[in-house]
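Now for the letters of each chain:
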Amino acid sequence: MAIVIKFKHLGFSKDKYLEVIKQLEIAGQGNPKGRFYHVCYGSDNEVDILDVWNNMEDFEAFGETLIPILTAMNIQLGKPDIQEIFGVIIG
């Protein structure tokens, strides 16, 4: 079942976000399997992430690459808010 995940990490600035995206591209995970949608929003000093994933397994597999990148950048990982999706309206 599809899931939506909201992340709020401490020490996650816009500049760090852009560097994480660059590192994910280098690692071949710029467009990971199972991720339908990705949104980053907030201020220059504090960003939040909202992702929509096909399933938890795909998200966990992506985390094997993502978590070490975030940790190496001294981003304090917050607990993700993960919910099943039961409705979508486009447009």
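Okay, so let's go over this structure. (Residues numbered from 1 in each chain as written. Predicted model: local features only at pLDDT ≥ 70, side-chain atom pairs only at ≥ 80, totals over all residues. Heavy atoms only, no water.)

1. Some words on the pattern of salt bridges
Alright, step 1. Taken as a whole and judged by the stated rule, the model has four salt bridges.
Alright, step 2. D48 is the partner of K8 in a salt bridge, and the nearest nitrogen-oxygen pair spans 3.2 Å. Here the residue K8 occupies a position in strand β1 (residues 3-8), and D48 occupies one in strand β3 (residues 47-53), the gap between them amounting to 40 residues.
Alright, step 3. Taking relative accessible area as the criterion, K8 reaches 44% and is therefore assigned partly exposed. (Salt bridge = Lys/Arg side-chain N within 4 Å of Asp/Glu carboxyl O. Helix = DSSP H or I, 4+ residues; strand = E, 2+ residues; numbered from the N terminus. Buried < 20%, exposed > 50% of the residue type's maximum accessible area, 1.4 Å probe, protein only.)

2. A word on helix α2 (residues 56-72)
Every α-helix winds through 3.6 residues per turn, so residues three or four apart in the chain are directed the same way.
Alright, step 1. The end-to-end C-alpha distance of α2 is 24 Å, a good match for the 24 Å that 17 residues give at a rise of 1.5 Å each.
Alright, step 2. Roughly 40 degrees is the biggest bend found in α2, and it falls at E64, with proline P68 one to four residues downstream.
Alright, step 3. Every buried residue belonging to α2 is among D58, F59, F62, G63, L66, I69 and L70, and all of these are buried.
Alright, step 4. Looking at the buried side of α2, the elements it contacts are β1, α1 (14-26), β2 (35-42), β3 and β4 (81-84).
Alright, step 5. By the N-cap criterion, in which a side-chain oxygen at the helix start approaches the backbone nitrogen of a residue two or three places on, α2 is capped by N55, the distance to E57 being 3.1 Å.
Alright, step 6. Downstream of α2 by a residue or two, N74 has a phi angle that is positive, lying close to 60 degrees. (Expected span 1.5 Å × (residues − 1). Bend = angle between axes of the 7 residues up to and from the residue. Contact = heavy atoms within 4.5 Å. Polar contact = N/O pair within 3.5 Å; in protein donor to acceptor, adjacent residues only side chain to side chain.)

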